[in-house]
Amino acid sequence: MRSNENVHEGDGLMRKLAWLAVAAIAVIGAGTANAQQTPRKGGTLRMTAPYAASFGSLDPHVTPRAQDDIVGKALQRSLYNWDTAANKLTLELAKSVSASADGLTYTFKLRDDAFFHNGRKMTADDVIFSFTRIMDGSKGYPGARYVRLIKGAVDVEKGTAKEISGLKKVDDYTLEMTITDRVDPGYYFFGGSTAILPKEEVEKGNYASNPVGLGPFKFKEHIPGSRVVMDRFDKFYKTGQPYLDKLEVLIMAEAAARDVAFRNKEIDTSILGPAQYVAYRADPQLSKGILEVAEMFTRSMHMNLNSNKPFQDKRVRQAFNYAIDSNLIISRLVKDKAYRATSWLPPSSAAFDKTVKPYPYDPEKAKKLLAEAGYPNGFEFEWTTSQNESWGLPIVEAVIPMLARVGIKAKPKLVEVTVLTEILMKGDHQALIASSLTGPDSLATLRCYYSKTPRTACNYTGFNNAEFDTLLDSAAQEGDMAKRDEILKKANNLLYDEAPVWFFNYNKAVLAFQPWVHGLQPNPTEITHQYPENIWVDASSPAK
Amino acid sequence: MLLVLGRRLANIIPTMLAVVALVFLLFSVLPGSFISGMNEDGRSTIDPAVMERMRKEMGLDDPLIERFAKYVAATATGDLGISFRTREPVTKMLAGRIWPSLKLVLAAMTFAILVGVTLGFLAALKPGSLIDTAAMVGAISGLSLSQFWFGLMLMYLFALKLQWLPSFGYGDGGLRNLILPAIALGVGPMALLARTTRAAVLDVLNADFVRTARSKGMSERRVVEWHVLRNALVLVITIVGLQFGSLMGQAVVVEKLFAWPGVGSLMVDSVFQRDMPTVQGCILMIVLFFLVINTLVDLAYVVIDPRIRYR
């Protein structure tokens, strides 16, 4: 028995090292491919949008959906973007930014070479207009959660002011932004829901049908439920980019159909599920075109500390993590399309501690911890789950016998995936397995375990730990980002030890691409969110 | 005839009202809301304050009766509401989807009628023959096939292996992109029509008036064309009508598989995302289509068989 357990633990370490190496190779490989070849101008790229059978809206302020932001990355731009090669945020619509000594006022020197697709230059007025629009109190624009950071934004939301007092135009290309919290504004203003839009186009009233943005591609055609077609924007501010003449984003929600279309060379990129991942890795040709990355999604079982007494004991929570053979489930059920979670924060976070070892599979230790906690015969709990193949019922069914070995009886409760968040917010669960966005803002992510964070915001476990709170308070006060990351690293490790969740895995996002496609980025925030100005196709592409 | 048409059209109104009430109430008791559905399998998050604003903006906090009354009043004027998801009028969204759906349904039905009626007819003329056996094996297989699996097989064969047709998508809306989804959708009705036609033709072939026609020395071809075909057609048209009417609803799977931008794929997407106004609009459209087709079939009976009279 003991030797088996050691093998499992050893496997886990080897696996962890292996995937870190793979992730590094993927990132380096992508960069090297770009460096070795000169990008070719022209051609068409046919990307796929896999998450639904339609787009929600082409107005980026209206939609928070990952599916819509695939198109958004081509049509729109925000103040910041995510630099995959450097694994950090970078300025996009500003050339430089400086912060005041108190870390609350930021002065942006905006680009003076950024043009909207209607030919007009972007100015500070456009940033002010866009953020003010997002805070319109009569609308529920999703980006309001980010813009609320700016001083006075809440007043606009409440209708007591018409302008955001924290936004000041110094001149056409200089913008002063005063924020209410000592955080990096980059985390708040890099997503599509805070894109900068031209007032005159928005006020025409049909913006979603004819989106005009600052992105490298301009809108050409949208056939709802089928595709969005975009042409190269020649006045894009990055010299020589984009390379492609045309970009098509094709809606393909069905994985099996995507597989046929990809093999038939009708599409250039495709997201792979576990079944296809196995098949593509085994194929000598297809395996050459696979891009992998540990995305910022942590899959876990949230234990509701308020509704179930046993979960209030740290030893019980740790027992869960010892009792479940996560490596076995990842390899057999998830087909290795996931990385073992070794903390709440994902590996791409600067506060991720690479030295942390995962909980080993150790049922005996789990039993011992349960006995110490006063549950020598275990206990029973209800486990809410969806049907999701990677973090739903199939996983729960595999875990049930493992928990039974240590005396814990889990009763699965199946619900539809769309109601998971609502259940978590209401606290109407004892335990619930879900996938959570855990980046890129490490401080905001860890605040989901801050005692003063309400359940409706994201403290779904009802976690309350004074030491953890102190660490988060210190991090929030720390102006030096490197030091802040060190504090967050401690908080993240403390959370791993406290185990308010069963730490299952980080999503391994897998993008298959055709051999003629170059410049794809293993973007850990969402692999389908490609900055298309970097992508080019060589002459062997069949798409004209 | 006009009276019949008027009566039939008048029947549509209470049916539509019942459908509106049913769909509205069903979605009111379903767990989850549009806002929680925005989570996208954990890919998106939305904060509570924004959720509250969205609920208010979309009127989701109003009492059920009030929302229902508003919806019925608006629907009566042709206003199907604003989509929660896209914030565009549902009528505008549906307008973009109706033509692709109609095209798919018409193509599928054309395939089903041409192949199904022909097979059924040939099988009935030579019962027990090889063609009869083959046609009926094909018909039973067609009825048993899963649209999803059959669609994938079509993609695999005609797109991947033979490279004759594109495997998915709307393309320019032309025939090349239409063929595979139409066959996948039409195979079920085709099988049903083959069996129905065979049974109807066999029934008529044994009727007294056919025997009389033959005994009068009428040629076999004339017997079949003049007596058998026309009489068998009443039953066949009933099946064609029922199938045609329900095909728009059945197209959900095929539309999603082939990424075909019809009403069905819009409805499925909207159900998953709890976009109630859009779901209601789609269902109303599908039901209306069904009722209109049925009314047309009822009228067709009178034209084909003058013995049929509606009171």
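All of these numbers come straight from a predicted model, not from anything done at the bench. (Residues numbered from 1 in each chain as written. Chains lettered and ligands numbered in written order. Predicted model: local features only at pLDDT ≥ 70, side-chain atom pairs only at ≥ 80, totals over all residues. Heavy atoms only, no water.)

All right, on to the overall build of chain B then. The secondary structure content of chain B amounts to 12 helices and zero strands. Expressed as lengths along the three principal axes of its C-alpha atoms, the size of chain B is roughly 85 × 55 × 30 Å. In chain B, buried positions account for 51% of the 311 residues. At a minimum sequence separation of 6, the contacts of chain B that also span at least 24 residues come to 74%. Only carbon and sulfur atoms are counted for the fraction: they give 69% of the accessible area of chain B, which is about 14500 Å². Positive and negative side-chain charges of chain B, numbering 29 and 21 respectively, have mean locations separated by a distance of 9 Å. (Helix = DSSP H or I, 4+ residues; strand = E, 2+ residues; numbered from the N terminus. Buried < 20%, exposed > 50% of the residue type's maximum accessible area, 1.4 Å probe, protein only. Contact = heavy atoms within 4.5 Å. Areas by Shrake-Rupley, 256 points an atom, 1.4 Å probe, with all protein chains shown as cover. Lys, Arg positive; Asp, Glu negative; His and termini not counted. Charge placed at Lys NZ, Arg CZ, Asp CG, Glu CD.)

Take unusual backbone geometry next. A cis amide bond links Gln241 of chain A to the next residue, Pro242 of chain A, at an omega of 0°. Summarising the element assignment, Pro242 of chain A is placed in the loop between strand E9 (227-232) and strand E10 (246-251). Put simply, Gly439 of chain A and Pro440 of chain A share a cis peptide bond, and its omega is -5°. By the element assignment, Pro440 of chain A lies in the loop between strand E16 (431-437) and helix H14 (442-446). Notably, Arg274 of chain B is not glycine yet its phi reads approximately 50°, a positive angle. Note on placement: Arg274 of chain B falls in the loop between helix H11 (263-272) and helix H12 (276-304).

The next thing to look at is the state of the cysteines. Disulfide: a covalent bond connecting the sulfur atoms of a pair of cysteines. All names here are of chain A. Under the criterion given, the structure shown has one disulfide over all chains. Across a sulfur-sulfur distance of 2.0 Å, Cys448 and Cys458 are joined as a disulfide pair. On the S-S bond that ties Cys448 to Cys458, the torsion sits near -100°, and the link is left-handed. With Cys448 in the loop between H14 and helix H15 (466-477) and Cys458 in the loop between H14 and H15, the pair connects residues that are 10 residues apart, well separated along the chain. The pair formed by Cys448 and Cys458 is uniform in burial state, with each residue classed as buried. (Disulfide = S-S within 2.5 Å.)

As a further point, take the sheet that holds strand E5 (residues 105-110) of chain A. All names here are of chain A. Reading across the sheet, the four strands line up as E4-E5-E7-E6 and stay open at both edges, with antiparallel pairing between neighbours. Looking at strand neighbours, the two that pair on one side only are strand E4 (94-99) and strand E6 (167-171), the edges of this open sheet. Across the sheet, the mean angle separating the axes of adjacent strands is 20° when strand polarity is ignored. Examined bridge by bridge, E4 and E5 share five bridges and lie antiparallel to one another. Bridged to Ser98 within E5 is Thr107. Across the sheet, helix H3 (residues 124-134) lies against E5, E6 and strand E7 (174-178), angled at about 170° from E6, the strand it touches most. (Pairing = 2+ DSSP bridges. Axes fitted to C-alpha atoms, helices over the stretch in contact; angles between N-to-C directions.)

What follows covers helix H8 (residues 274-282) of chain A. Residue and element names in this part refer to chain A. By the burial criterion, the buried members of H8 are Pro274, Gln276, Tyr277 and Tyr280. All buried residues of H8 project into a common sector of 155° when viewed along the axis, lining one side. Of the exposed residues in H8, those oriented more than 90 degrees away from the buried face are Ala275 and Ala282. (Arc of directions from axis to C-beta.)

For the rest of this paragraph, the subject is the sheet that holds E9 of chain A. All names here are of chain A. With respect to topology, four strands assemble into an open sheet ordered E1-E10-E9-E8, the strand pairing being mixed. With partners counted over all chains shown, the strands left at the sheet margins are strand E1 (44-49) and strand E8 (217-223), one partner each. Taken pair by pair, the neighbouring strands of this sheet meet at an average axis angle of 20°, ignoring direction. As paired elements, E9 and E10 share five bridges and run antiparallel to each other.

Opposite the 63 residues of chain A that make contact, chain B presents 50 residues. In total, about 4600 Å² of surface goes out of reach between chain A and chain B, with carbon and sulfur atoms giving 52% of it. When residues of chain A are sorted by the area they lose upon contact with chain B, Arg65, Arg145 and Thr418 of chain A head the list and together hold 14% of the total. Connecting chain A to chain B are one salt bridge. Of the charged contacts, one joins Glu416 of chain A and Arg274 of chain B as a salt bridge, the two residues approaching to 2.8 Å between their closest N and O atoms. The interface formed by chain A and chain B includes 10 residue pairs in polar contact (both at pLDDT 80 or more). (Buried area = accessible area lost by both parts, 1.4 Å probe. Salt bridge = Lys/Arg side-chain N within 4 Å of Asp/Glu carboxyl O. Polar contact = N/O pair within 3.5 Å; in protein donor to acceptor, adjacent residues only side chain to side chain.)

All right, on to the nonpolar core then. All names here are of chain A. Counting residues in hydrophobic clusters, the biggest one holds 211 residues, and the most contacted among them are Phe131, Phe189, Phe320, Phe381, Trp383 and Leu403. The residues contacting Trp383, other than those within four sequence positions of it, are Met301, Val396, Val399, Leu403, Ala410, Lys411, Pro412, Lys413, Ala431, Leu432, Ile433 and Trp502. Grouped together as the second largest cluster of nonpolar side chains are 29 residues, Ala49, Ile271, Leu291 and Ile527 included. (Core = buried A, V, L, I, M, F, W, Y, C linked by side-chain atoms within 4.5 Å.)

Residue and element names in this part refer to chain A. In terms of residue burial, E1 counts as a mostly covered element, since six of its six residues are buried. Side-chain alternation along E1 places Thr44, Arg46 and Thr48 on one buried face and Leu45, Met47 and Ala49 on a second face that is also buried. Pairing between E1 and E10: six bridges, direction parallel. When the bridges of E10 are listed, Ala49 appears paired with Ile251.

Once that is clear, we can look at the packing of helix H1 (residues 2-29) of chain B against helix H4 (residues 64-76) of chain B. Residue and element names in this part refer to chain B. One way to put it is that H1 packs onto H4 with a least axis distance of 11 Å and a crossing angle of 145°. With respect to the hand of their crossing, H1 and H4 are arranged in right-handed fashion. Across the interface between the two elements, Leu17, Val20, Ala21, Phe24, Leu25 and Ser28 of H1 pack against Leu64, Arg67, Phe68, Tyr71 and Val72 of H4. Of the residues in the contact of H1 with H4, the class split is nine nonpolar, one polar and one charged. (Left-handed = near helix turned anticlockwise from the far one by under 90°. Nonpolar A, V, L, I, M, F, W, Y, C, P; charged D, E, K, R; others polar.)

Our focus in this paragraph is the environment of Pro454 of chain A. All names here are of chain A. Inspection of the secondary structure assignment puts Pro454 in the loop between H14 and H15. On the accessibility criterion, Pro454 (44% relative accessible area) is partly exposed. Each C-alpha atom of the pair Pro454 and Met425 lies 8.9 Å from the other, and the pair is 29 residues apart in sequence.

Residue and element names in this part refer to chain A. Mapped onto the elements, Glu498 comes out in helix H16 (residues 481-498). Residue Glu498 is classed as buried on the basis of its relative accessible area, which comes to 12%. Once residues lying within four places of it in the same chain are set aside, the contact partners of Glu498 are Lys314, Arg317, Phe463 and Asn465.

Residues and elements named next belong to chain B. Where helix H7 (residues 147-161) meets helix H8 (residues 175-205), the closest approach of the two axes is 9 Å, and the angle between their N-to-C directions is 145°. Crossing of H7 against H8: the hand is right-handed. Between H7, through Gln147, Phe150, Gly151, Leu154, Met155 and Phe158, and H8, the contact on the second element is made entirely by Leu180, Ile183, Ala184, Leu185 and Val187. When the residues that make up the contact of H7 with H8 are grouped by side-chain class, the tally is nine nonpolar, two polar and no charged.

What follows covers the packing of aromatic side chains. Residue and element names in this part refer to chain A. Overall, the coordinates contain 29 aromatic pairs over all chains when judged by the stated rule. Pairing Phe262 with Tyr280 gives two aromatic rings, centres 5.8 Å apart and planes at 35°, and the pair type is tilted. With Phe262 in helix H7 (residues 255-263) and Tyr280 in helix H8, this residue pair connects regions lying 18 residues apart in the sequence. This pair shows no difference in class: Phe262 is buried, exactly as Tyr280 is. Ring geometry for Trp344 against Tyr449: centres 5.3 Å apart, planes inclined by 85°, an arrangement best described as edge-to-face. Highlighted residues: Trp344 in the loop between strand E13 (338-340) and helix H11 (363-372) and Tyr449 in the loop between H14 and H15, separated in sequence by 105 residues. Here the two residues Trp344 and Tyr449 agree in accessibility, since each one is buried. Through a chain of ring-to-ring contacts, three or more aromatic side chains come together here, namely Phe311, Phe320, Tyr375, Phe379, Phe381, Trp383, Trp502 and Phe504. (Phe/Tyr/Trp six-rings, centres within 6.5 Å; stacked < 30°, edge-to-face > 60°.)

It is worth stressing that arrangement in space is one thing and function is another; only the former is reported here.
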